[in-house]
Amino acid sequence: MPEIHNTVERLREDIPKGGYAFTIEASDADNNPLTYALSGTTASFFRVDPATGIVTVHMTLDREVQTVLTLTVTVSDLQYAASKDLTLILLDANDNRPIFEPSTYEDEVPENATIGTSLFKVHATDADTGVASLVKYNIDEVLPSDGFSLFSIMESTGEVKLNGRLNFTSLSTFYRLKINASDGGGEYMGVTLNQSSIAFAFITVLDVPDLDPQFISLPYIVRVQEGSPPGLSVFKVTAIDQDRGINDDMIYSIENSTADGLFNISQNGVISVNSDIDREAIGDSVTLTVKATEAHPNIHGAEASTTADVEITIIDINDNKPEFYMCADTEECVRQSNFVGETFENSLASIDINMTVKDLDKSARIQLTLEGADKEVFSVDPQSATSESQVRLVVMKPQQLDFEKIACFMVQVIATDEENTSFHSTATVTINIKDTNDNSPKFPNDTYALQLPEHSPDGTIIANISAEDPDTMDQGKITYRLLPESILRYFDVEPNSGTIYVKDSSLIDREVRSLYSATLQAMDTSSIPGTAVLEITLTDINDKTPVINRDSYLGFVDEGEKLHLQIQATDADDPDTENNQIVYGIVPSRYSDNFTIDPNTGVLTNNGELDCEALDPDLNGKIELNVTATDKGTPALSSMVKVIIDVKDVNDNTPEFKAASYKFSVKEGVKGAYVGSVYAEDLDQTIDFNRISFTIINGSIGSFIIRTFAEKRGYRGNITVDPDVELDYESARKSFTLWVEAEDLGQKTAVVTVEVEVLDVNDERPEFKPAETLTVKENTTITGAVGKFTALDRDGNHSLIYELESTTCRCKGTEEPCDWFLLEPTGEIIVNPENTMDYELCDQVIMEAQVVDKYTEKGENNSIKSGIMVINIEDINDNVPEFIASNSVFVVVPETASKDTSVAAVTATDRDSGKNKEIDFEVTAVHFRHDDNRTSPERTLFRVVATQQQDLYVGMIQSIEELNAKLRGKYLVTVSATDKGGLSASTVVEIFTVDESFKMELRFASPFLQVTAKLDDIKVALTAATNAAVEVVDIRSINAESRDSGETILEVYFIYSNGSAITYDAVEKMLSDPAHFLTLSQFGLSLIGAVTVEDPEQDPVIYGLLGVVAGLIIVLAVLTTSLLCTRRTYRTKLKAAKAMNTAATVASENQKSGPVVPGTNKYTMEGANPVLNLNIDTATDLGFDEESSNADRISLNSLDYNVDMTMSDKDTRPMMMIQEEDEDNGEPVYIEPLGAALAQRGRKKGPDSANLAFDNPALSTTDL
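Residues numbered from 1 in each chain as written. Predicted model: local features only at pLDDT ≥ 70, side-chain atom pairs only at ≥ 80, totals over all residues. Heavy atoms only, no water.

**Looking at the overall build of the protein**
Scanning the protein for helices and strands turns up 10 helices and 88 strands. Each of the 1264 residues in the protein was classed as buried or not, and the buried ones make up 44%. Excluding contacts between residues fewer than 6 apart, the proportion of contacts in the protein whose partners are at least 24 apart in sequence is 68%. Summed over all atoms, the accessible surface of the protein reaches about 64300 Å², with 49% contributed by carbon and sulfur. (Helix = DSSP H or I, 4+ residues; strand = E, 2+ residues; numbered from the N terminus. Buried < 20%, exposed > 50% of the residue type's maximum accessible area, 1.4 Å probe, protein only. Contact = heavy atoms within 4.5 Å. Areas by Shrake-Rupley, 256 points an atom, 1.4 Å probe, with all protein chains shown as cover.)

**Notes on the sheet that holds strand E33 (residues 350–358)**
If you walk across this open sheet you meet the five strands as E31-E30-E33-E37-E35, and the pairing is antiparallel. Only two strands of the sheet have a single partner each, and these edge strands are strand E31 (333–335) and strand E35 (378–381). Averaged over neighbouring strand pairs, the angle between their axes works out to 35° when direction is ignored. By the bridge criterion, three bridges tie strand E30 (residues 323–327) to E31 in an arrangement that is antiparallel. Looking at E31, one finds that Tyr-325 is bridged to Arg-335. (Pairing = 2+ DSSP bridges. Axes fitted to C-alpha atoms, helices over the stretch in contact; angles between N-to-C directions.)

**A closer look at the confidence of the model for the protein**
Looking at the protein as a whole, the pLDDT averages 82, with 86% of positions reaching at least 70. Confidence drops under pLDDT 50 across residues 1129–1264; counting only partners more than four residues distant or on other chains, this segment forms 231 contacts. (pLDDT = per-residue confidence, 0-100.)

**Quick notes on the state of the cysteines**
Enumeration over the complete set of coordinates arrives at three disulfides. Paired through a disulfide, Cys-327 and Cys-333 show a sulfur-sulfur distance of 1.8 Å. Because the torsion about its S-S bond is 110°, the bridge between Cys-327 and Cys-333 counts as right-handed. On the accessibility criterion, Cys-327 (18% relative accessible area) is buried. Since its relative accessible area comes to 26%, Cys-333 is described here as partly exposed. A disulfide bridge connects Cys-811 with Cys-842, and the sulfur atoms are separated by 1.7 Å. Across the S-S bond of Cys-811 and Cys-842 the torsion is about 80°, and the bridge reads as right-handed. Of this pair, Cys-811 sits in strand E68 (residues 800–811) while Cys-842 sits in the loop between strand E71 (828–831) and strand E72 (844–853), placing them 31 residues apart in sequence. The pair formed by Cys-811 and Cys-842 is uniform in burial state, with each residue classed as buried. By sequence-ordered numbering of the bonded cysteines, the protein has its disulfides arranged as 1-2, 3-5, 4-6. (Disulfide = S-S within 2.5 Å.)

**Overview of the pairing of strand E34 (residues 365–371)**
Within a regular strand, the side chains alternate between the two sheet faces. A one-sided burial pattern is seen for E34, the buried positions being Ile-366, Leu-368 and Leu-370 and the unburied ones Arg-365, Gln-367, Thr-369 and Glu-371. Pairing analysis gives three bridges linking E34 to strand E36 (residues 384–386), with the strands arranged antiparallel. Bridged to Arg-365 within E36 is Thr-386.

**Let's talk about the environment of Val-8**
Within the secondary structure, Val-8 is located in strand E2 (residues 8–12). Given a relative accessible area of 39%, Val-8 falls into the partly exposed group. Spatially, the C-alpha atoms of Val-8 and Ile-89 are 7.4 Å apart, while their sequence positions differ by 81 residues.

**Digging into the environment of Val-756**
Among the structural elements, Val-756 can be located in strand E63 (residues 749–759). The class of Val-756 is buried, set by a relative accessible area of 1%. Considering only alpha carbons, one finds Val-756 and Gly-676, 80 residues apart in sequence, at a separation of 8.9 Å.

**Thoughts on the sheet that holds strand E85 (residues 1047–1055)**
The strand order E84-E85-E83-E87 describes an open sheet built from four strands, whose pairing is antiparallel. Looking at strand neighbours, the two that pair on one side only are strand E84 (1029–1038) and strand E87 (1085–1090), the edges of this open sheet. The mean inter-strand angle of the sheet, taken between neighbouring strand axes irrespective of direction, is 25°. Strand direction decides the pairing type here: strand E83 (residues 1000–1004) and E85, joined by five bridges, are antiparallel. Each residue of the ladder has a partner; that of Glu-1001, found in E85, is Glu-1051. Strand contacts of helix H4 (residues 1015–1026): E83, E84 and E85, with the helix running at about 130° to E84, the strand carrying the most contacts.

**Describing the packing of H4 against helix H6 (residues 1074–1082)**
Orientation of H4 relative to H6, taken along the N-to-C sense of each, is 170°, at an axis distance of 10 Å. Classified by the angle between their axes, H4 and H6 sit roughly antiparallel to one another. Contacts from Ile-1018, Ala-1021, Leu-1022, Ala-1024 and Ala-1025 of H4 reach H6 at His-1076, Thr-1079 and Leu-1080. Per-class residue counts for the contact of H4 with H6 are six nonpolar, two polar and no charged. (Parallel < 35°, antiparallel > 145°, perpendicular 65-115°, else oblique. Nonpolar A, V, L, I, M, F, W, Y, C, P; charged D, E, K, R; others polar.)

**With respect to the packing of aromatic side chains**
In this structure the tally under the stated criterion is 21 aromatic pairs. Ring geometry for Tyr-105 against Phe-120: centres 5.9 Å apart, planes inclined by 15°, an arrangement best described as stacked. On the criterion of sequence distance, the pair formed by Tyr-105 in strand E11 (residues 104–110) and Phe-120 in strand E12 (residues 118–121) is long-range, its members being 15 residues apart. A relative accessible area of 9% places Tyr-105 in the buried class. What makes Phe-120 buried here is its relative accessible area of 12%. (Phe/Tyr/Trp six-rings, centres within 6.5 Å; stacked < 30°, edge-to-face > 60°.)

As structure tokens, this is what we get:
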């Protein structure tokens, strides 16, 4: 009984399919061939070679599923079987990657979290053992990338810590960490590798109040008109919380002011007038320090605040009259109404009276005039001043200054505000006249009124004026000069002629000064002067641009109300000319068409109702116009002033959404996820009217919230998933319709619908659909898809990629890897163009594939189970039938071959399947080859009857009529094998014939019935005696009146298994052997005789010639016999040894391997020639002895010599080779050529070798 030696085997779990696992070690004491088999619940994992015991892996092993397998091994030696349970211990391979639990992580971290703070801890497990199960963690990537240094992870524990400072404001508010978990590495499929997996962590930074607020739109510079009423809004300051995630409310206050009590500030930052503003008292500007404080303390418990300066410029109005002042040398001035001055009599001079005129208004213009009885004697200088100027009196009529007549003069100087003439002041001036020598030269006229166009060129002669002196010594010697000296900047006089001319044309400007009073002095030789007053009046030219009374204008009007604003301008040109006449206009601009201005009065009004919402929001309700003031001179001159109209907003608009509806999408499973934003705007221009808040009034079902944020224009409502809600795409609600309401502070509302679609997150693993079995014809060359794997993915957004795991072919019942088909990423199966499918090699292909969803966002991306596709290879008729070579030698006894007798057989197979492998046989030709090597065609004497035995088709060749028993040679029968597809092959079958010369008669003393009754036993006895097949061709009674009496004759042939027949002499010797004759005599054998064969009638001449030849042969035989008698005994023994040698040769199984003798047919199939259906031991002693007659040589003539005999490789029985000693140089005599050929007699090697040879030492069965 076999013995199994294995008990425990250790296998690596990563042995591939088809890989070597172990060998069943067993032995058998009898050394019988062993057969191996596997059984048990785990036997499906393995395949065993039944002959060698080598076990290979058939299904993937997995140590993590089952560590130890129990396998029942059975070993048998065809008689006995032994079974044993074998324990298989699976050794770990690094075939598992670490798996994160969970697959994603989320955390919220305050921005002020300290460095080193533990954020969260990731955990991954590896199902492997040993070093391969040790997991190390690493952060591969952080988005945004500049946050990589902010986080660290403990390599061994997976604890994620804060490694740097977070900042909600200046850094990102959200980070995504890509965390890698890798194992300790190990061997897998012969390669050392590390397995790893990825998980994502999402960190949200929470804002904390750690920053002070900040004022925006700095610097703050505003203007306000003095005298503005209390409560008037001046400006609005705005501060924001830099902690955008907190966005705390602001509280505003005024911390400091350069003028206390003038302004206050509201809680929302609006600065307004608090008390009366007097520019002349407080100056041109006021600086406020405003403070913005957050409503709630910061993280340190302190109030977060910031300050900013607001520069307020005070716009002056005309609210003061001009006043007179007397100023000392210390520049200290006091208000005064009485002044005193003095001058010499008859003198023409400017009288300094220490008078200063001031108007405290900014840019005020003052007109000075004289009144009183003596006003004609003097003039005031200057006659027009701005804000502040020194005032002098100029003697206009010096001739009236005669001390002897009047010693004192008095005038009143009047200062009038040119803009508002109701504002004026008066001062009294007393002029005391000093006594002088009054004998002076005299001019014909005391006063000269001269006219001159302003800006006349230098050198222009104004007038020639001369004086006369009654003194004779002064005749012709009077010299002239102009007084006062200040006039010389403008005019001068020729000292000897008195010609007055223009000295500097650029200074004579009528608008600055239209009248110049000068004294033309004439001096005699005693330097006593005489004077005349010159009044030079400048005539006007249009050289002055109209001057608008203000730098800018500001008008206020409520939207829908009427504006009335007057623009005023003056022109310094002559009032009596067109140069002084002004026309007002509006420069075309964006909003100029909304207004009109009276060209004469400058009154600005609006054309229609003003709508604040129709204005550009960036203007904050302020419209800026440019108004021109143009004179009518030639060329016309103009000025322009900026006019700002502040249109005050009223709440007359309802909030409006920027879209009629909104449609957003959000991924499932994300709490607090951002959905989208709605936008609405209230066209009212002030925050009191346009501030909007959003509310979800319907459709949320508690799943969404909305928060309101201010935009540059309008407001934004951010819709997010409720932080406590997690949407599920796979639930019944895949979409929501939200009703979002926008409401302003005046409770005016608008509603919009928001469609929210829940997006499918790719978190479902794909699954294969069951695949139908495919059928593909062998040898196909189609390039398209022959089939397709199909998988389902419940996710809406997926991209499936198919990957081939293995391809196995079923080849003759054994599965082995192959690559006849390829798998495209789309799942299509195509034929591998580099290989050709052959049904005869493999009839089925099994493809195993995996499907991967490359869009997977969460979880595993591959299918749980592999997809299996079975492809049956369909056979086509591509193989020609093949005849199977046979070692059989076919022999027929014509006398026994009646119709339908099977005389030979052929075997053929076709590698195709089904109908294509069915074979039909047909005899296509018959020839007969005679012993003299002549070939002649024959009728179709045979037919083929086909039978099927498993995959083989056997064609039994049957005779269809009686055969000619006199022919000597063999039939050459051409047989064709044709399959159902029309493919055919043919072979030639040789059928040897046994002629009548080998037939003999056996006489039995027993009656006919007794012989026929024991015929089978008689044939067995005859076979035992001759070692040959016994072919009975006839049984007849002789000397008998009935079948129960008399003797019986059997006509028989004795034929060896090699096809050769035994001659009469040989049979006689064999049957005469006492060992056999005794048995045969019991059956009544009494006589052995030859059958006389009747030859056809021949020509007598031929008989005569043959008689002569026969006589010569007899003589030669007698001589030869006498010479060889002395060695008779030795030669007889030698023949017996050669006969046994030849018999051993005939037993060879491979006729093609060397020389053979016909008759080695071992075909014993049913329906074969019954003559050959005997198991004849060819090695049995042929029974020759020393007393055998010379006739023994006749039946053994083919066995006389053995030259270079070749043994079959398959014949393992020893055979003795006996070298015949050289008896003589003569060749043996063969009664037929076939005998010589079969003996393979070669020429004796030696100089005396007879020139005789038999051509063909290597005859095949076909040749025979």
